[in-house]
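# An overview of the molecular structure
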2 protein chains.
Amino acid sequence: MKTYAEMNEQELFALKAELDEQFKTEETKGHSLNMARGKPGVSQLSLSMPMLNVINIDSDMHTLLGNDTRNYGDWDGIGECRRMMAGMLGVKKDNVIVCGNSSLNIMYDTVVRSMVKGVNGSTPWCKLDHVKFLCPVPGYDRHFKITELFDIEMINIPMDENGPDMDLVEQYVNNDASVKGIWCVPKYSNPTGITYSDEVVRRFANLKPKAEDFRIFWDNAYCIHHIYDDIQDEIPNILEECEKAGNPNMVYVFGSTSKVSFPGSGVSAIATSLENMDYIKKFMTTQIIGHDKINQLRHVRFFKNIEGMKEHMKKHADLLRPKFEAVLNLLEAELTGLGIGSWTKPRGGYFISFESMPGCAKAIVSKCKQLGMVLTDAGATFPYGKDPQDSNIRIAPSFPTPEEMVEATRLFVLCVKLAAVEKLLADRQA
Amino acid sequence: MKTYAEMNEQELFALKAELDEQFKTEETKGHSLNMARGKPGVSQLSLSMPMLNVINIDSDMHTLLGNDTRNYGDWDGIGECRRMMAGMLGVKKDNVIVCGNSSLNIMYDTVVRSMVKGVNGSTPWCKLDHVKFLCPVPGYDRHFKITELFDIEMINIPMDENGPDMDLVEQYVNNDASVKGIWCVPKYSNPTGITYSDEVVRRFANLKPKAEDFRIFWDNAYCIHHIYDDIQDEIPNILEECEKAGNPNMVYVFGSTSKVSFPGSGVSAIATSLENMDYIKKFMTTQIIGHDKINQLRHVRFFKNIEGMKEHMKKHADLLRPKFEAVLNLLEAELTGLGIGSWTKPRGGYFISFESMPGCAKAIVSKCKQLGMVLTDAGATFPYGKDPQDSNIRIAPSFPTPEEMVEATRLFVLCVKLAAVEKLLADRQA
C-alpha cells in the first residue's frame, strides 16, 4: 500500500475526485452527529439512577458522627464522604476536602486565591509582572481557559507516551521564579489518554522549584475511569512522593465523581498537605458555610466506599469500551499505512487523540461540520486555542451510541483523507 | 419602677447580690444552650423531607425544554428553576442565574472577580491603593469577613428603623471614587430584622456613584421569610428602580433557598442587569461547566413555583413564630422600663437584635458562656468584629425548641441585668 505522500499528482487528483463524490453524497444525508464533548452517554447516566432513591423521606440524614447533613456544618465535607473520596484519589482522608459538584471550580478558586492573596503567604500573583504556567500539550481546554482568563502566560510542554517532557519541565520550574504552576492530567490524560510513567511522576515530586509558590495542579480526573478490566494503568501517589522528596506542599490533587455518578451533580474533592489545607480553610470558610452534604451522603450511601465505586466503574467501562473500539477499529481499518494520521489507544478516560498531517486539523474539523458532525474545535487542546502544528483533534466517543460512533468515525475518516489529499496537492502546487 | 441608672449605690449592691445568687444557682445546673447560629430547627428541616422523594429512579430527568439535567449544560440554571427563583427575588427570569447551594459563595465570587479583573472592564480592585465598602451596622458577619479577607476597608454606616443612614451613604458613594460597594440585607435584615423603607430603597437606586464600578450587594436573604401571615414587609424592586434611575448595572441581587429547603443543599441565585450578566458569564463559564441541575429540578418539582414556595414558608413561619415570641415576651416582661436594653421586634427573618447599655455586650456574652449558653460573639455584627459601643448582641431563636428558647432567654436576661449592674457600679466608682 502506498502512503498518500508517495502518490503522484495524478493519483492524488483521482483520489480527490473519488473522495469528493463520497463527500457530496454524505452532505445530502443531513447527518447530525457530535464527537465533541466528553459527556457520559445516556446509558451511563442510567447506571446511577438508583442513587436517587438512596436518600428519601425516610432516610436517617445524620452522618456516622451524628451530624445532621441537612443543616449547616462540616465545611470540609462529611467524614464518610471524605474517606470515600480519599480512596478514589489514593490519599489519606485527613488530606481531603470534599467540595461541591465541580473540581474545575476548585481549580479556578485555587488559581484565583493565588492571584489575589498568594500561596500560603507569598506575594499575590496579581502583584507580579510575570506569572507563567506550564501546559503539557495537547491538554484540557478548560484548564487553559482558567489561566488565560487571569492573564497568566502559558508555555507549551510537549507530551510523549510517558507524559510531559520532564527535561523541559525541570528546566523551567527549577530556574524560572515566574513559573508558578503546571496543569497535569496524570492518568488517561485529556485528550491523549496516556498515563504518566512512574519515572515522570517521581521527577515531578523531585522538582526543585525556583518559586516557593510553585504548585502542581494534578487533575486526577480519570483516576478510576478504566475501560478494560484486565489492563489498567496506575500511578504512584503524588502526595506521598512529594512528601518523600521534601516537597510536601508542592501539589494540589483534584478529582470528582462527575463521570462516576452524574456530571454536574456529583461531588468533587481536593487533596493536599495539611499546611496547604490550613491556608485553603481560611478562604473556603469565608467563601461558603458548607457544600451540599445531602449529596455527599447520597453518594456515600450509594457507593459505600471506594470498592463500590470501582464496581460501578466496571459498568461504565462495559458501556464505553464498545464505543472506543468502534472508533479505534475503524481508524485502524481505514487509515493504517496511509501516512495521513496517527492516534492514541487509551486504556481509560474519555478521549482519543488524533494527529493528522500537519496543517490539516482545522480543515478536517471544518469538513466534518459541513457534513453535520461536530468535533472539538481544532486548536482547543492547546493554550490560546493555537495548535502550532494544526494537527491535533480530540475525539470524544462517550456520548453517541456505538452505532452513531461508527457512522461518525466513517465521516471523520473521509474528511481526514480529503483534507490530506488537498493539503498534499496544495503543497505540490505551491 | 426605677431604671437601674436611677438606683443609688446601695440599691445596686443589693440587686447585684441577688443576681449573683441567681447566677451561682444557674451555674450549677450545667446548661447547654445555643442562641448563636441562624440555623433552621429540626422541625423546619422536616418540612422539606418530602422533597427528597420528588426525584427518584423513575423520574423524567428532563427540563421543560427537553435538556437532560443529569448531564452537562445549562450553565445559568434550568429554565423552570430560573423562573421560580426570579419569582422569589421579585425579578424577571432573564435577569437570573441559578447557581449552586450558596449565595454567600456567589457574593464571594463577585468580590473576587472584581478584585482580579475589575467590574465590567474597570481597573481591577487589586491594582488600586484604596478600595472601600460601606457596611450598614449592625450587619451580617459573613459579609464583613469577605471584604476583610481581601483587605477592603470597611466603613460603618449606622442603621435606624428605615435602613441605613442614606445621607451618609450618599455622601460617601457620590463623592469618594474608592467606595466600590455596600453590603445590604434589605428585608428582615441580619441581625436587626428591620426592612428598608421604600424611600431608602429609592435613594439607593438614585445614587450617583463617583466610581463607575460601584455596586450594591443586595443580599435579599429573607425575601419570603415572613413570620406572620397578616403583617408582612415588602420592598420595591431594586433592579427596576435602578433601571428607572438610569443606573441599570448598579446592583447585584442575591438569594437562596437555604432557609426554604435545606441549608447547604438548596439553590442560590444572582439577579442583575443583562450587561452585568454578560460579564459574569465570561467568568462563570470558565469557573464551572454548570451547577447542580438535578437539585434545581428537585426544587422546582417540589415547590412548582413561587406560590408553592410561599405556601411552604407559611409552615416555617408557624414553627418560628412561637420561638420569636418566646424571646420577645420574656424580654418585655423582664426588661421593660429598666433602661438596660432595647431590642427589635422583627416581622420576619432569623434574628432579634439586642442593644445593651454601652460597654456591656462582651460582658453579657461572656457571662452567658459561663452559664453554658453560646451567643454570637459580641462585635461579630460589626466590621473587624469591633462594635464601637460594645452594645449589640444578635439573638438567633430558630434552632432551639420554644422551651429551650424560654430557658435561654431567662439566662440571657439574668446576664443582661448582672452586666448592667456591674457596669453602673464600676462607672460610679471610677
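Throughout this document, residue positions are counted from 1 along each chain, in the order its sequence is written. Chain letters start at A and ligand numbers start at 1, both assigned in the order the entries are written. At least 70 in pLDDT is required for a residue's local features to be given in this predicted model, at least 80 for side-chain atom pairs to be given and counted, and no such filter applies to totals for whole chains, interfaces and linings, which use all residues. Working from all heavy atoms in the structure, the side-chain values ignore hydrogens and water.

### Brief notes about the overall build of chain A
Of the regular secondary structure elements, chain A holds 14 helices and 13 strands. Two things to know: the radius of gyration comes from C-alpha atoms, and the globule rule equals 2.2 Å times the number of residues to the power 0.38. Computed over the C-alpha atoms, the radius of gyration of chain A is 23 Å, within 12% of the 22 Å expected from 2.2 N^0.38 for a compact globule of 430 residues. In what follows, residue pairs with any heavy atoms lying within 4.5 Å of each other are defined as contacts. Summarising the internal contacts of chain A: among those between residues at least 6 apart in sequence, 77% fall at separations of at least 24. To be clear on the numbers: accessible area is Shrake-Rupley with a 1.4 Å probe, and residue cover counts the displayed protein chains and nothing else. Of the roughly 16000 Å² of accessible surface on chain A, 49% is carried by carbon and sulfur atoms. Counted charges follow a simple rule, with Lys and Arg positive, Asp and Glu negative, and His plus the chain ends left uncounted. Think of each charge as sitting on NZ of Lys, CZ of Arg, CG of Asp or CD of Glu. Averaging the coordinates of the 48 positive side-chain charges in chain A and doing the same for the 57 negative ones gives two points 4 Å apart. We count a stretch as a helix when DSSP gives it H or I for four or more residues in a row; a strand needs E for two or more, and each element gets its number in order from the N terminus.

### Examining the interface of chain B and chain A
In this complex, chain B contributes 61 residues to the contact, which on the side of chain A involves 61 residues. Per-residue buried area on chain B facing chain A is highest for R70(B), Y72(B) and T286(B); these three make up 15% of the total on that side. A pairing counts as a salt bridge when a side-chain nitrogen of Lys or Arg comes within 4 Å of a carboxyl oxygen of Asp or Glu. Applying the counting rule to chain B against chain A returns two salt bridges. Put simply, K117(A) and D151(B) hold a salt bridge, and the shortest N to O gap is 2.8 Å. Between N or O atoms, a polar contact is any pair within 3.5 Å; within protein, one atom must be a potential hydrogen donor and the other a potential acceptor, and residues adjacent in sequence are included only when both atoms are from side chains. Connecting chain B to chain A are 20 residue pairs in polar contact (both at pLDDT 80 or more). Elements supplying a minimum of two residues to the side of chain B that touches chain A: α2 (42-47), α3 (51-54), α5 (103-117), α6 (141-149), α10 (274-287) and α11 (293-303) of chain B. Counting residues per element, the side of chain B that touches chain A draws most heavily on α5(B), which supplies eight residues. Of the residues that constitute the side of chain B that touches chain A, the class distribution is 27 nonpolar, 19 polar and 15 charged. The quantity reported as buried area is the accessible area (1.4 Å probe) lost by two parts once they are put together, taken as the sum for both. Put simply, Ala, Val, Leu, Ile, Met, Phe, Trp, Tyr, Cys and Pro go in the nonpolar bin, Asp, Glu, Lys and Arg in the charged bin, and everything else, Gly too, in the polar bin.

### Quick notes on empty space enclosed by the protein
Computed over the protein atoms alone on a 1 Å grid, cavities are sets of points where a 1.4 Å probe fits but cannot get out and pockets are open sets with protein on both sides within 12 Å along at least five of seven lines; a residue lines them when it has an atom within 4 Å of a point. Grid points are joined across faces, edges and corners, and a volume is the space filled by probe spheres set on the points. Throughout the structure, instances matching the rule amount to 10 cavities of 30 Å³ or more. Taken as a whole, the largest cavity encloses approximately 460 Å³ of empty space. Forming the boundary of the largest cavity are 32 residues, of which N101(A), N105(A), G100(B), N101(B) and N105(B) lie nearest the centre. Looking at the lining of the largest cavity residue by residue, the classes come out as 10 nonpolar, 18 polar and four charged. Lining the second largest cavity are 24 residues, with S103(A), Y140(A), K259(A), Y72(B) and I289(B) sitting closest to its centre. The element best represented in the lining of the second largest cavity is helix α5 (residues 103-117) of chain A, accounting for three residues. In terms of residue class, the lining of the second largest cavity is made up of nine nonpolar, 11 polar and four charged.

### Description of the relation of the copies chain B and chain A
Of the transformation superimposing chain B on chain A, the axial component is 0.0 Å and the angular component is 180 degrees, with the fit at an RMSD of 0.0 Å. Classification of the inter-copy transformation places it as that of a two-fold axis. For chain B, the smallest separation between a C-alpha atom and the rotation axis is recorded for V116(B), amounting to 3.2 Å. Both copies share a contact surface, since 100% of the interface residues of chain B are interface residues in chain A too. The copies were overlaid with a least-squares fit restricted to C-alpha atoms from residues scoring a pLDDT of at least 70 in each copy.

### Comments concerning the packing of aromatic side chains
Residues and elements named next belong to chain A. Planes of paired rings set the category: under 30 degrees apart is stacked, over 60 is edge-to-face and the rest tilted, where pairs are Phe, Tyr or Trp rings (Trp by its six-membered ring) whose centres lie within 6.5 Å. Tallied over the entire structure, the rule returns 32 aromatic pairs over all chains. Considering the side-chain rings of Y196 and W218, the 5.7 Å spacing of their centres and the 85 degrees angle between planes classify their relative orientation as edge-to-face. Residue Y196 is found in the loop between β6 (179-184) and α8 (198-205), and its partner W218 is found in strand β7 (residues 215-219); the two are separated by 22 residues along the sequence. Of the residues examined, Y196 reaches a relative accessible area of 2% and is grouped as buried. By the criterion adopted, a ring carries a charge over it if an Arg CZ or a Lys NZ lies within 6 Å of its centre and within 35 degrees of its normal. Its guanidinium or amino end placed over the ring of F283, R113 lies 6.0 Å from that ring's centre, counting from NZ or CZ. Each residue is assigned to one of three classes by its accessible area relative to the maximum for its type, calculated with a 1.4 Å probe on protein chains only: buried under 20%, partly exposed between the two thresholds, exposed over 50%.

### Concerning helix α4 (residues 79-89) of chain A
Residue and element names in this part refer to chain A. In terms of burial, α4 is a largely internal element, eight of the 11 residues being buried. For α4, every residue scored as buried is listed here: E80, C81, R82, M84, M85, A86, M88 and L89. A positive phi of about 70 degrees marks G90, the residue just after α4.

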